[in-house]
Structure formats: C-alpha cells, structure tokens
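Residues per chain, in single letters:
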Amino acid sequence: MSTEKMTMPQLGESVTEGTISQWLVSVGDAVKKYDPIAEVTTDKVNAEIPSSFTGKITALLAEEGETLPIGQPICAIEVASARQASAVQRQAPASAGADQSMKKRYSPAVLRLAQENDIDLGSLHGSGRRGRITRKDVEAAAEAKRGVATRQTPTKNHVKAADAADRPLQSVPAPIRSAAGDVDVPLTGVRRTIARNMVRSKHEIPHAWTMVEVDVTNLVAYRNRIKTAFLKKEGCKLTYLPFFIKAVVAALKDYPRINSTWAGDRIIEKQAVNISLAVAAEAALYVPVIRHADEKSIKGLAIAVDELAGKVRSNRLSPEDMQGGTFTINNTGSFGSIESQPIINYPQAAILSVESIVKRPVVVDNMIAIRDMVNLCMSIDHRVLDGLVTGRFLADVKHRLEHMTQDNTPIY
C-alpha cells in the first residue's frame, strides 16, 4: 500500500492557480477513483475535481478558501490494492458522531496572514468546514481592523506639520454598511471569480467600442420558414444565434487579427477559431467554448449551442468545456437588449454582442419600409486592434448576415 499526493489540476488555458472553495471529503473517508473530492474555483471555471485514485484520504493539504498554484499538492490518499479497492466500493460513509471541530487547526497561510495583520485567531469564528478558520476569515478581520484604524484621529506628536502639509490629501473610502431592511448576499466562489476577472480585464485591457446596425429581414424570413421542420427533424430549436456565429467565424477567417491575443511583446493570431459563448445561469455567467466553429454547419452550431446551454442549466460544465476560446459572442438580445458595451473575455482581443432583433422603419430605395434590424456591438483590445480592421470585420459580418437566404445559406 502506498500514499499518493493529488495536485491542483490545470483547469483552463493560461490558468496558473486555483482556490479550494469546498472540500467534499474528510480525512479518513474512503474514495473511489473519479469520485469528486473538492470544488475548485479559477478565473475560468468553478468545477468539481475527481479523485485520481481509489483509497483513503489521509491528509487535506489545503484549507477551504486557500489559493494554490497549479501542481501544488492538495491532499494525500492511501492507495488501495486491487482487493481493497473492491472493498471500498462497498464501504459505507464514516460515522458522523465524532467531534470533528477544526476551528483550531490552522494552515501555515492562515497563521502567516494572522501574524502579518496582528489578528487573534482565537477571537474569530471560522466559516470553513466544521468551523475551520480560512484565509477569507482572516482577510475579513484584517479589513475590518483597517477600517477602524482609518476612522481614528492620529495622536502621535512626532508628525511634523510641514510634512503633513506636503502630503496630498487622500480620500479614504468609508466602509459600506448595511441599513435596516438590507439583505447581505454572501459572495460565492463563482461570483468572486467573475468580479476578479472583470476587474483584470478592465484594468489591463484598453477597451474601445463600436456598433453597426444590420438589416436581417431576409434571415428572419428564412429561419421562420424552416424552424418547425428543423425542430421536428433534429430535436433542438433553430435560434438565430447559429446564423450569427456562422457569419462571424467566416469573417474571422478573413480577418485573423480579430482572432488574436496580446502577449506582451507580440500579438498571437490564433489558427483555431474557437467561439466562447456567453451563457447566463441563475447566479453567474459562463463562457463555454464551441471548438473549431469554422468547421461546423449551421445545424452543427445549433446543436453545439443547445448542448452547452443544457450543460450550464444542469451544472454539468467540465473544465474542458471552458478552455481554448479565441473570440466571444454574447447573445444579449435574448434579454431584449438593443445596445450594450461588453467587457472583453481576458485574454482575448475582442467580444461581440448580438442585440435584440426589432422591427423598425428604415429607408429602402428612397421609400420607408418596416425591416427587421439588429445592432452588433463590439469591444476591442486597442493594443491589438484599431478602427480600420474592426470596421472592415464588422462590415464583412454585416454583408454576410444581410445576404443570408435559403439559396445561399445551407443548414447542413
């Protein structure tokens, strides 16, 4: 019998670390290979990670809330022999009657953080499993302590008036407090990750934004003629989104600079055309990926969209579903939006929002006509792209969409 250590897995392209948001096992638990043992949050995905072995958990090497680099050990498993593995399949969960308090079992990271901020760990109430104190608990205590300190008037007499006068006035934001009737909603791991990634995108990427309007009257008529037969034959709805994806991926082949990323000392134009699709869940926004979208028909894109949306709704997304995206399409039109300014999905160079299709009076051949119109809103990384290539790309997408008919746009 041997002991193996499981490490923090790679849960996404360019991901360098992960946070243990919740342990699903305890020391002494018997686990089977592929059983979920922990929930891990990264800036790409929130996922359960499976056990690599069949055996018994002998040590949890990271606490809930702790962030570890890829490859860092997270737990130790006493690996069972073939005969023992068979017994594990039949083993019942460990009794829950024993005292399992973890309050005073501190990780090195928690101890170091408490020492740096002069925090008494004995005074804290742990939010981790079985009352264990996590890094988030210590950070919250340190933040509260700093808030108190900033509201106190300095009394040290060794600060010279001249020195104080020379320093620029700095506004210290007051701590935000709940009022009567307010509801405090704790941050989930997914919401915290989304916030961190959005701040990083806005902080590091110089965003520029542009919009074009597209007459999709022909496309609307085409889709309405075939949607019922498509649903009956293929078993999934034919929405407008696959048509928009088809036009976008074709234009990306002609304008590869749009399908690129900023790499510090160079720009990398991606060969693969992998479309990240923004899909909203109840409490979060996920961006699963349609790989090699340029090789799929409209039918293939419709099925891929339906499958990914189903995985989001049923919480079945895997880390692989979230990796490798090169360009993001955001279907804000499904919520009735007609104009938006999307935030780029780091580290991509651009994101396109497809807004709601609405009937509007427009001038056609010097006559007023009622047409089906849609706005395409695009945010770009101005380090990688400028108005010229972006304008040409959007004009290409617009042309393709306005000329989509049954004669030139096969579904299969």
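Up top is the structure these notes are about.
Residues numbered from 1 in each chain as written. Predicted model: local features only at pLDDT ≥ 70, side-chain atom pairs only at ≥ 80, totals over all residues. Heavy atoms only, no water.

Caption draft 1: Structural detail: the pairing of strand E15 (residues 327-330). Alternating positions in E15 separate into two faces, Phe327 and Ile329 on one and Thr328 and Asn330 on the other, with burial throughout. In this sheet, E15 lies alongside strand E12 (residues 275-280) in parallel orientation, the contact comprising 4 bridges. Across the sheet, residue Ser276 finds its bridge partner in E15, namely Thr328. Sheet analysis places E15 next to strand E16 (residues 350-354), joined by 3 bridges and oriented parallel. Bridge pairing links Asn330 to Ser353 in E16. (Buried < 20%, exposed > 50% of the residue type's maximum accessible area, 1.4 Å probe, protein only. Helix = DSSP H or I, 4+ residues; strand = E, 2+ residues; numbered from the N terminus. Pairing = 2+ DSSP bridges.)

Caption draft 2: Highlighting the environment of Pro175. Examined against the element boundaries, Pro175 turns out to sit in the loop between helix H4 (161-166) and helix H5 (189-204). In this structure the C-alpha to C-alpha distance between Pro175 and Ala144, which are 31 residues apart in sequence, comes to 8.5 Å.

Caption draft 3: Layout of the packing of aromatic side chains. In total, this model carries 2 aromatic pairs according to the counting rule given. Aromatic pair Tyr222 and Phe243: ring centres 5.9 Å apart, planes at 70°, arrangement edge-to-face. Taken together, the residues span a long stretch of sequence, with Tyr222 in helix H6 (residues 217-234) and Phe243 in helix H7 (residues 241-254) at a distance of 21 residues. This pair shows no difference in class: Tyr222 is buried, exactly as Phe243 is. In this arrangement the basic side chain of Arg223 is found over the ring face of Tyr240, its NZ or CZ atom lying 4.4 Å from the centre. The ring of Tyr412 carries the charged tip of Lys233 above its face, separated from the ring centre by 4.5 Å. (Phe/Tyr/Trp six-rings, centres within 6.5 Å; stacked < 30°, edge-to-face > 60°. Lys NZ or Arg CZ within 6 Å of the ring centre and 35° of its normal.)

Caption draft 4: Fine view of the side chain of Ser201. With respect to the helices, strands and loops of the structure, Ser201 is situated in helix H5. In contact with Ser201, not counting residues within four places along its chain, are His207, Ile343, Ile344 and Tyr346. (Contact = heavy atoms within 4.5 Å.)

Caption draft 5: Spatial organisation of the packing of H7 against helix H8 (residues 298-313). In contact at an axis separation of 9 Å, H7 and H8 are set at 120° when each is read in the N-to-C sense. By the angle class used here, H7 and H8 are oblique. Where H7 crosses over H8, the two elements pack in a sense that is right-handed. Residues Leu241, Pro242, Phe243, Ile245 and Lys246 of H7 form the contact with H8, whose own contacting residues are Ile298, Leu301, Ala302 and Val305. The class makeup of the residues in the contact of H7 with H8 is 8 nonpolar, no polar and 1 charged. (Axes fitted to C-alpha atoms, helices over the stretch in contact; angles between N-to-C directions. Parallel < 35°, antiparallel > 145°, perpendicular 65-115°, else oblique. Left-handed = near helix turned anticlockwise from the far one by under 90°. Nonpolar A, V, L, I, M, F, W, Y, C, P; charged D, E, K, R; others polar.)

Note that every value here comes from positions in space, so none of it alone points to a role or purpose.
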